[in-house]
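One letter stands for each residue in the lines below.
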Amino acid sequence: MAARGSCPACGSAALVEDSHYAQQQLVCAACGCVLAEGLLTTTYAEEEHLREVAYSQSTGQKEQLSRCLQRGIRRVQDLCKVLQLPTVFEETAVSYVQRALQHPSFHLVSLEKKELLGGCCVFVTCRQHNWPLTMGTICSLLYAKQELFASVYLSLQKELELSVPALSLADLVKTHLNSFRLFQHAADIPAPFVENKEKVVARTMQIVELASETWLVTGRHPVPIVTAAAFLSWQSLQPAARLACTLARFCKLAGVDLPPPAHLRLKELLEILLRMASQLAWLRVFNLDKKTVVKHIGDLLQHRIFLLKSAFCPEDEEEQQCAAAPGEASPGSAGGAVQGGGCPSAGKRRPLLPPCLVNPRKRLRTAAPSASDSAVTGEEPISDGEIEQYLRGPEEIRAFRKAQAWL
């Protein structure tokens, strides 16, 4: 193919385009001089002028974007079919994936992240339509890591300026328990372990509400709390056959992963239940522990509001009770209370505080200073005992000025 212009080496006008190893070159047919190389592709408008253009403006980029867009739309449609979402959800998710793949921020991301964009669009659509869907469900369908999925989801929400409402705790409980395998008979599940789904969901909701009222939900990941609450509710429905079952075995039989903090959330819930049980007169004689208190979860949840007020006293009410105790008690007991150094009910009733205040973390030890930190820089403060060594007399001042003048 001949081209306009002349060769700067020999002046010949016989310039041709040659494809050498799939790379376009402009070569002089008379002397073989290479005039231009590296033209990977051009736009249709600039093709006749042989001008180099950016790859993002080339036809190759447009073709690649269209292929990515087709794969993204196909992935969104497949996810919507698997999740049995309405047609309106699919249309909204497709529009989001089109906007995302046309946004410059997602042109140069890795292929793995582009594969997750469709799942993020479906996840955003379900949240906007108040459809209970967890991030773990999407990640299991896409065989993706939750950390990577969360980073792509946050980028999508930021770049497209999407408003995504948070999933309520009640919807999360229902969604998370839908995947449990303990609600139907199976060969690997013992018969006493199979339970009615509605009963487990209802009692789990009550335990989660109790955890929310006692500061166990604030600032925590909700899945470990829901897992621990579901385990307690499942045990309490048939405690005779299920008290020996551990949390790890429960999650294995249910077919769900065991979140690492679930053991801590279970311990905190049992401590709350024990303090509530101490306020019921007919339960004090049993000397309940963390195993046996599970048998009475139904009674504790039935009187939850009263027991919480009785077991957990706010700080201001506790101070008022302690201040009024000496005046109300008898003279002998008043003197004993003063000598004891506090209110007699202070040991039984403690204020309800967040776990971070009840069990604060230990302060980390300061690291030993490195060699660069311990080096002398001249900016160190001078103590009063050493300051006399740095004071100069009149002779030293004159010698110093003379040396400055010479310099």
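Keep in mind that this is a model prediction, so the values were computed, not measured. (Residues numbered from 1 in each chain as written. Predicted model: local features only at pLDDT ≥ 70, side-chain atom pairs only at ≥ 80, totals over all residues. Heavy atoms only, no water.)

**Student:** I'd like to hear about the overall build of the chain, residue by residue, with values.
**Tutor:** Within the chain, the regular secondary structure consists of 19 helices and 4 strands. By the burial criterion, 34% of the 407 residues in the chain qualify as buried. Restricting the contact set of the chain to residue pairs at least 6 apart, pairs at least 24 apart contribute 59%. Here the chain has roughly 25,900 Å² of accessible surface; of this, 54% comes from carbon and sulfur atoms. (Helix = DSSP H or I, 4+ residues; strand = E, 2+ residues; numbered from the N terminus. Buried < 20%, exposed > 50% of the residue type's maximum accessible area, 1.4 Å probe, protein only. Contact = heavy atoms within 4.5 Å. Areas by Shrake-Rupley, 256 points an atom, 1.4 Å probe, with all protein chains shown as cover.)

**Student:** Lay out unusual backbone geometry with the relevant residues and their values.
**Tutor:** Unusually for a residue other than glycine, W215 sits at a positive phi of about 70°. Tracing the sequence through the fold places W215 in the loop between α7 (197-213) and α8 (222-237). For W215, a relative accessible area of 38% gives the class partly exposed. We note that N287 has phi near 50°; this positive angle belongs to a residue other than glycine.

**Student:** Tell me about the packing of α8 against helix α10 (residues 247-254), and name the residues and values.
**Tutor:** When two helices pack together, their arrangement is given by the angle between their axes and by how far apart the axes lie. For the pair α8 and α10, the least separation of the axes is 11 Å and the interaxial angle reads 95°. When the axes of α8 and α10 are compared, the pair comes out roughly perpendicular. Contacts between α8 and α10 involve T227, A230, F231 and W234 from the former and L247, F250 and C251 from the latter. Looking at the contact of α8 with α10 residue by residue, the classes come out as 6 nonpolar, 1 polar and no charged. (Axes fitted to C-alpha atoms, helices over the stretch in contact; angles between N-to-C directions. Parallel < 35°, antiparallel > 145°, perpendicular 65-115°, else oblique. Nonpolar A, V, L, I, M, F, W, Y, C, P; charged D, E, K, R; others polar.)

**Student:** Lay out the nonpolar core with the relevant residues and their values.
**Tutor:** Formed by 54 residues in total, the largest nonpolar core has its most connected members in L177, F180, L232, F250, L273, V293 and L300. Those elements that provide at least two residues to this core are α6 (169-178), α7, α8, α10, α11 (262-277), α13 (297-302) and α14 (304-311). With residues up to four places along the chain from it excluded, the contact list for L232 reads I207, L266, L269, L270, L273, V294 and I297. Among the nonpolar cores identified, the runner-up in size contains 34 residues, and I73, L85, L133 and F149 belong to it. (Core = buried A, V, L, I, M, F, W, Y, C linked by side-chain atoms within 4.5 Å.)

**Student:** Quick one: what's the story with the layout of surface pockets, residue by residue and with numbers?
**Tutor:** The space that makes up the largest pocket amounts to roughly 1,000 Å³. In terms of lining residues, the largest pocket is bounded by 34 residues, among which T134, M135, G136, T137 and H176 are the most central. When contributions to the lining of the largest pocket are tallied by element, the ones reaching two or more residues are α3 (111-128), α4 (135-142), α5 (146-159), α6 and α8. The element best represented in the lining of the largest pocket is α6, accounting for 5 residues. (1 Å grid on protein atoms, 1.4 Å probe; cavity = no way out; pocket = protein on both sides within 12 Å on 5 of 7 lines; lining within 4 Å. Points joined across faces, edges and corners; volume = space filled by probe spheres on them.)

**Student:** Mind laying out α3, listing which residues take part and the relevant values?
**Tutor:** With 18 residues, α3 extends 27 Å between its outermost C-alpha atoms, agreeing within 8% with the 26 Å of an ideal straight helix rising 1.5 Å per residue. When you tally the buried positions in α3, you get 13 out of 18 residues, the bulk of the element. (Expected span 1.5 Å × (residues − 1).)

**Student:** Describe the packing of aromatic side chains, naming the residues involved and giving the relevant values.
**Tutor:** Per the stated rule, a full pass over the model turns up 9 aromatic pairs. Consider the rings of F123 and F149, whose centres lie 6.2 Å apart with planes at 80°: the pair is edge-to-face. Of the two residues, F123 is situated in helix α3 and F149 in helix α5; the sequence distance between them amounts to 26 residues. A ring pair is formed by W234 and F250, whose centres lie 5.1 Å apart and whose planes are at 40°; its orientation type is tilted. A residue pair is termed long-range when its members are at least 10 positions apart, and W234 in helix α8 and F250 in helix α10 qualify at 16 residues. By the burial criterion, W234 is buried, and F250 matches it. (Phe/Tyr/Trp six-rings, centres within 6.5 Å; stacked < 30°, edge-to-face > 60°.)

**Student:** Explain α8 residue by residue, including any values.
**Tutor:** Compared with the 22 Å implied by 1.5 Å per residue over 16 residues, the 23 Å span of α8 between its first and last C-alpha is a close match. Most of α8 sits inside the fold, with 13 of its 16 residues counted as buried.

**Student:** Kindly report on the side chain of K114, identifying the contributing residues and their values.
**Tutor:** Structurally, K114 is set in helix α3. Only 3.2 Å separates the side chain of K114 from the backbone oxygen of H107, close enough to count as a polar contact. Residue contacts for K114: discarding those within four places in its chain leaves C68, R75, F106, H107 and V109. (Polar contact = N/O pair within 3.5 Å; in protein donor to acceptor, adjacent residues only side chain to side chain.)

**Student:** Mind laying out empty space enclosed by the protein, listing which residues take part and the relevant values?
**Tutor:** Under the definition given, this model contains 2 cavities of 30 Å³ or more. Reported here for the largest cavity is a volume of approximately 90 Å³. What lines the largest cavity is simply C68, R71, G72, R75, V97, L101, L111, K114, E115 and L117. Breaking the lining of the largest cavity down by element, the ones donating at least two residues are α1 (59-83), α2 (87-102) and α3. Broken down by class, the residue content of the lining of the largest cavity amounts to 5 nonpolar, 1 polar and 4 charged.

Note that every value here comes from positions in space, so none of it alone points to a role or purpose.
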